[in-house]
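What follows is each chain in one-letter form.
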Amino acid sequence: MRLGVMFDRGLPPERLVPFARELDAADGVSDLWVVEDLGWTGAISSAATALAMTSRLRVGIGITPAPLRNPALLAMELGNLARLHPGRLAAGIGHGVPAWMRQAGAAVSSPLSLLEETITSVQGLLRGETVTMRGRHVRLDGVSLVHPPAEPPPLLAGVVGPRSLALSGRLAQGTIIPEGLGPRQLPSILGHIDTPDGHELVAFVHLCLGDDAREVMRSAVEDQAGFLGLPPDELVTASGSPAEAAAQVRELWKAGVSTVVVRPLGADPLSHVRGLLAAL
């Protein structure tokens with residue numbers, strides 16, 4: 001059971017360095033996760049900075065949209081980070097938000113095929129293989145990495161739909177589920193993944209402590225509810241008192257989540273992390 005903390009996309013990039021350093025010194029935190037959402041910041045540069053500023057944390061990328069990343073270049077970037085920081089990288093890859101992919105001119109006719117071809121080719125390249133692929137979207141002709149990592153980083157699929165979850169269970173080393181999903185949805189999610197032990201399930205969850213937590217989180221929760229197609233009051237959050245937030249994190253672990261990644265909100269996000277850690 002791992003606990004991670006997300007560096008929220010809304011935070012100014014220059015706050016990443018002190019944020020990462022504090023978490024690296026905090027007992028109980030295993031991971032720091034960075035985000036790649038259109039218009040905010042690039043996850044590869046954020047992950048590289050976080051890895052360079054820390055000594056023990058695993059840094060997760062949550063998530064790189066496959067339509068925006070050529071798999072050869074993505075493997076080059078991930079392989080470089082994995083060689084520089086062995087055993088400390090987890091790389092999430094997903095479909096990308098459809099509206100954003102259209103906005104960036106990167107939408108594809110079959111996101112599922114693209115994700116499968118991307119994961120398959122990137123894994124092969126990171127293993128040191130010479131990859132030729134003539135897929136529906138990915139075309140590689142005898143590509144290989146000159147410096148493949150001795151320890152390839154795990155690839156995790158950031159997905160929601162049943163067919164995508166099944167693909168993740170079949171190809172990826174882990175699955176990332178978005179903020180708001182919790183114990184009620186996990187049996188169905190795990191059923192679709194249908195993979196032996198060893199597949200890491202990562203769950204993101206909003207974190208906010210205090211009597212005003214509901215108001216602070218209102219906009220983020222409503223936006224996420226719209227994305228998931230769920231009523232806002234059905235979304236799972238780690239909120240309220242420190243004890244209540246800690247209880248929700250424990251419920252996620254108990255329900256089968258391997259790594260809970262809290263996304264602290266508010267003007268002083270690390271204060272919420274400190275409160276949670278004390279309660280845990």
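The structure under discussion appears in the preceding block.
Residues numbered from 1 in each chain as written. Predicted model: local features only at pLDDT ≥ 70, side-chain atom pairs only at ≥ 80, totals over all residues. Heavy atoms only, no water.

Some remarks on helix H7 (residues 186-193)
Stage number 1. Along H7, the residues that are buried comprise Leu-186, Ile-189 and Ile-193. Axial view of H7: buried residues confined to an arc of 60°, hence all on one face.
Stage number 2. The inward-facing, buried residues of H7 contact helix H6 (162-171), strand E8 (174-177), strand E9 (200-209) and helix H9 (242-254).
Stage number 3. Positive phi shows up at Asp-194, right after H7, with a value of about 45°. (Buried < 20%, exposed > 50% of the residue type's maximum accessible area, 1.4 Å probe, protein only. Helix = DSSP H or I, 4+ residues; strand = E, 2+ residues; numbered from the N terminus. Arc of directions from axis to C-beta. Contact = heavy atoms within 4.5 Å.)

Considering helix H2 (residues 43-53)
Stage number 1. Burial in H2 covers these residues: Ala-43, Ile-44, Ser-46, Ala-47, Ala-50 and Leu-51. Down the axis of H2, the sector holding all buried residues measures 160°, keeping them to one side.
Stage number 2. Residues of H2 that are buried sit in contact with helix H1 (16-24), strand E2 (31-34), strand E3 (58-65), helix H3 (71-84) and strand E4 (89-94).

Quick look at the pairing of strand E11 (residues 259-264)
Stage number 1. Within E11, 6 of the 6 residues are buried, which leaves it mostly tucked inside the rest of the structure.
Stage number 2. Of the two faces of E11, the one holding Thr-259, Val-261 and Arg-263 and the one holding Val-260, Val-262 and Pro-264 are both buried throughout.
Stage number 3. Relative to E11, strand E1 (residues 2-6) is paired through 4 bridges, and the arrangement is parallel. In the sheet register, Leu-3 faces E11, and the bridge partner there is Val-260.
Stage number 4. The pairing of E9 with E11 spans 6 bridges and is classified as parallel. Opposite Val-202, over in E11, you have Thr-259 as the bridge partner. (Pairing = 2+ DSSP bridges.)

Quick look at the side chain of Glu-36
Stage number 1. Following the sequence through the fold, Glu-36 ends up in the loop between E2 and H2.
Stage number 2. Exposure remark for Glu-36: the relative accessible area of 8% places this residue in the buried category.
Stage number 3. Only 2.8 Å separates the side chain of Glu-36 from the backbone nitrogen of Ala-43, close enough to count as a polar contact.
Stage number 4. Reaching out from Glu-36, the side chain makes a polar contact with the side chain of Arg-69 at a distance of 2.7 Å.
Stage number 5. Those residues in contact with Glu-36 that lie beyond four places of it in its chain are Thr-41, Gly-42, Ala-43, Ile-44, Gly-62, Ile-63, Thr-64, Pro-65 and Arg-69. (Polar contact = N/O pair within 3.5 Å; in protein donor to acceptor, adjacent residues only side chain to side chain.)

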